[in-house]
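# Analysis of the macromolecular model
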Amino acid sequence: MSLRKKLIAGNWKMNKTAADGVALVADIVAAAGKQNDVEVVVCPPFTGLESAAAKLEGSTVKLGAQNMHPEASGAYTGEISAGMLRALFVSHVILGHSERRSYFHESDAFINQKVLAALKAQLKPILCVGETLAERESGSTLKVVQTQLEAGLEGVSKDLATNVVIAYEPVWAIGTGKVASTEQAQEVHAFIRSLLVKLFGDAIAQKVRILYGGSMKPANAPELLAQKDIDGGLIGGASLEARSFVELVTAAIAIK
Ligand code: PEP
């Protein structure tokens, strides 16, 4: 059995009112809220965190946010800090998602500040990395992933490295229905693991979870999740319905 517990995280993006979120969480908790074989995280929009937290109480399902600002407080209109997330019982935070990188021009350096601030506040960052279609076609996938990973993890200590989760999300596969082949995904995951070995040593690298994200669905999940270095999924579209999300959790439990 792997040293790494599989993790299935749902990124709801800008979907669901607080009330819709509570209904979704209730269904997820009813179907998967007692099991402990796989770590399950739901990431509603900020407006749904508090009500989702109340619904998750007493279950094994954890709460994540989709973003945060690196500063603890201050004049950053519209932003949310790590401390504010912690106060809402958030345990994980997605950082550096490709939509934040492209639409909001987030740089690797800024994402790195967030990773460090999240760890300092005892939040687990889910650091997203991945290449665009043009980058894949020009043969620069591994170089892009290396740059994003090394810059995103700059200054992370060995002590805290196992609190980080990496999500490999090829941009061309996100929300497009085009999933990376198992070979394409495993190749990049193994490469990320080798970079983690260089950064933190083998023992720590073997404990860091590397999720795949990009059109993961119940139909393609079993094969992806069976790969040696694929430790779970960051799920967009299929996390918006309890049935498909729970099927993904079930697929992960079957492989463990
Ligand atoms: C995502 O945005 O993190 C994602 C993986 O989306 P989807 O599953 O819809 O491709």
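Basis of the calculations
Residues numbered from 1 in each chain as written. Predicted model: local features only at pLDDT ≥ 70, side-chain atom pairs only at ≥ 80, totals over all residues. Heavy atoms only, no water. Helix = DSSP H or I, 4+ residues; strand = E, 2+ residues; numbered from the N terminus. Buried < 20%, exposed > 50% of the residue type's maximum accessible area, 1.4 Å probe, protein only. Core = buried A, V, L, I, M, F, W, Y, C linked by side-chain atoms within 4.5 Å. Contact = heavy atoms within 4.5 Å. Near = heavy atom within 4 Å. Polar contact = N/O pair within 3.5 Å; in protein donor to acceptor, adjacent residues only side chain to side chain. Areas by Shrake-Rupley, 256 points an atom, 1.4 Å probe, with all protein chains shown as cover. Nonpolar A, V, L, I, M, F, W, Y, C, P; charged D, E, K, R; others polar. Expected span 1.5 Å × (residues − 1). Arc of directions from axis to C-beta. Salt bridge = Lys/Arg side-chain N within 4 Å of Asp/Glu carboxyl O.

### Overview of the environment of E241
Examined against the element boundaries, E241 turns out to sit in the loop between β8 (232-235) and α12 (242-255). Take E241: its relative accessible area is 53%, and that puts it in the exposed class. A C-alpha to C-alpha distance of 31 Å links E241 and L149, two positions 92 residues apart in sequence.

### What about the nonpolar core?
By size, the foremost hydrophobic cluster in this structure holds 67 residues, and its most contacted members are I166 and I192. Broken down by element, this core gets its largest block of residues, 7 residues, from helix α9 (residues 182-200). Contacts of I166, omitting those with residues within four sequence positions, involve L127, V129, L149, L153, I192, V208, R209, I210 and L211. Judged by nonpolar contacts, the second largest core, of 11 residues, contains L7, I94, V165 and A167.

### Quick word on the environment of E150
For E150, the position within the fold is in helix α7 (residues 141-152). When the C-alpha positions of E150 and E135 are compared, they lie 18 Å apart, and in sequence the two are 15 residues distant.

### Structural notes on unusual backbone geometry
The residue K16 is not glycine, and still its phi comes out positive at about 80°. Note that K16 resides in the loop between β1 (7-11) and α1 (18-32). Its identity is not glycine, yet H105 carries a phi of approximately 55°, on the positive side. Assignment of secondary structure puts H105 in the loop between α4 (98-103) and α5 (108-120).

### Considerations on the site of the ligand
In the neighbourhood of the ligand, 14 residues make up the surrounding shell, with K13, H97, E169, G175 and S215 lying closest. In the environment of the ligand, an oxygen atom lies 2.5 Å from a nitrogen or oxygen atom belonging to the side chain of K13. One nitrogen or oxygen atom from the side chain of E169 is found 2.7 Å from an oxygen atom belonging to the ligand. Compared with its free state, where it exposes 290 Å², the ligand has 97% of that area covered by protein. Among the residues forming the shell around the ligand, the class breakdown is 4 nonpolar, 8 polar and 2 charged.

### Re α1
Its 15 residues place the ends of α1 20 Å apart at the C-alpha level, agreeing with the 21 Å of an ideal helix rising 1.5 Å per residue. Among all positions in α1, only G21, L24, V25, I28 and A32 are buried. Summarising the axial view, the buried residues of α1 lie within an arc of 100°, below the 170-degree limit, and thus occupy one face. The exposed residues of α1 that point more than 90 degrees off its buried face are A19 and A30. In the core, the buried residues of α1 are packed alongside β2 (39-43), α2 (49-56) and α12.

### Quick word on the pattern of salt bridges
On inspection of all chains with the given rule, the structure shows 12 salt bridges. Note that E99 and K13 form a salt bridge whose closest N and O atoms lie 2.8 Å from each other. Placement of the pair is E99 in helix α4 and K13 in the loop between β1 and α1, with a sequence separation of 86 residues. Across the pair D231 and R193 runs a salt bridge, and its minimum N-O distance is 2.9 Å. Taken together, the positions of D231 in the loop between α11 (221-225) and β8 and R193 in helix α9 put the pair 38 residues apart, joining distant regions of the chain. Put simply, R4, R193, K228, D229 and D231 are held in one network by salt bridges that share partners.

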